[in-house]
Amino acid sequence: MRSSYRVASSVLFAAVFLAGCSPTATGGSAASPTGTTATGPSSTDARGGPDRAIAAGAGPQATYTVQKQPPAGSCHFRYEKGEPLEDPACTPGAISPAVTQANLKSTICRKGGYTSGIRPSTSVTGKEKALNAASYGYKGRMGDAEYDHLISLQLGGDPNDPRNLWVEPPDPGHKTGGGVNNAKDPVETKLHTAVCAGKVSLTAAQKAIASDWTTALSTLGLG
């Protein structure tokens, strides 16, 4: 009789214990606070983090205004083999909602060009550049640094979203006073050519250059 009692007690204890376990502990998925099922990321980006969608900015505007920049000293350059990269916390990139895979021929791939008609004037970007230089703590000659669209306009980057613009220092070995000259520009052009030729999707090109422009071509198998 005691043996039967012990078995029944063990079964009852196990049932209560399992009922109190979280779904994660038993191999299920954890419920989020809103009641929906939270699942892990399906893939990772070039930085090793979740492969998140890039934020969309306001797109081309008839009139641009000077955008607020991150606080002075809050952003920090990274370097890959000496080449400068942006701070992903300050400059994660932003795309233009006006450019999609479906309308490439009438936007970034159209004959006659696209970017000149949507680019903010230097009266706006000049002020933003000075503010962004303070954000990044850039102390070099302003004429040697490019106020750069992380996701370039020719890849559907947003024209004036502060998340998509940063003061890019000159390349290693650049002669002071030599003006803007960096290795990122040819990468942008090659990606644009590949997108317009249908070799890679617009989204893939945008994500690759936003993650790490120095590896964007190799990541997409373009060289």
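Summary of the structure given here. All figures in this text were calculated on a predicted structure; none of them were measured in a lab.

Digging into the overall build of the protein
A count of helices and strands for the protein gives five helices and four strands. For the protein, the sequential pattern of α-helices and β-strands runs α-β-β-α-β-β-α-α-α. The contacts in the protein between residues at least 6 apart in sequence include a share of 72% that link residues at least 24 apart. Taken as a whole, the protein presents about 12,600 Å² of accessible surface, with 57% of it coming from carbon and sulfur.

A short note on the packing of aromatic side chains
For the structure shown, the criterion picks out three aromatic pairs. Arranged with centres 6.2 Å apart and planes meeting at 55°, the rings of Phe-77 and Trp-166 form a pair that is tilted. Note that Phe-77 is positioned in the loop between α1 (2-19) and β1 (78-80) and Trp-166 in strand β4 (residues 165-168), a separation of 89 residues in sequence. Each member of the pair, Phe-77 as well as Trp-166, is classed as buried. Look at Tyr-136 and Trp-166: their rings are 6.4 Å apart centre to centre, the planes differ by 50°, and that puts the pair in the tilted class. Of the two residues, Tyr-136 is situated in helix α2 (residues 122-136) and Trp-166 in strand β4; the sequence distance between them amounts to 30 residues. Take Tyr-136: its relative accessible area is 5%, and that puts it in the buried class.

A few points about the pattern of salt bridges
Following the criterion strictly, the structure yields five salt bridges and no others. We note a salt bridge from Asp-148 to Lys-184, for which the minimum N-O separation is 2.9 Å. Here Asp-148 is found in strand β3 (residues 146-149), whereas its partner Lys-184 is found in helix α3 (residues 184-196), with 36 residues between them in sequence. Residue class for Asp-148 comes out buried when judged on its relative accessible area of 2%. Note that Asp-161 is salt-bridged to Arg-163, the shortest N-O span being 2.7 Å. Ionic contacts of the salt-bridge type, sharing partners, join the residues Asp-148, Lys-184 and Glu-188 into one network.

Conventions we followed
Residues numbered from 1 in each chain as written. Predicted model: local features only at pLDDT ≥ 70, side-chain atom pairs only at ≥ 80, totals over all residues. Heavy atoms only, no water. Helix = DSSP H or I, 4+ residues; strand = E, 2+ residues; numbered from the N terminus. Contact = heavy atoms within 4.5 Å. Areas by Shrake-Rupley, 256 points an atom, 1.4 Å probe, with all protein chains shown as cover. Phe/Tyr/Trp six-rings, centres within 6.5 Å; stacked < 30°, edge-to-face > 60°. Buried < 20%, exposed > 50% of the residue type's maximum accessible area, 1.4 Å probe, protein only. Salt bridge = Lys/Arg side-chain N within 4 Å of Asp/Glu carboxyl O.

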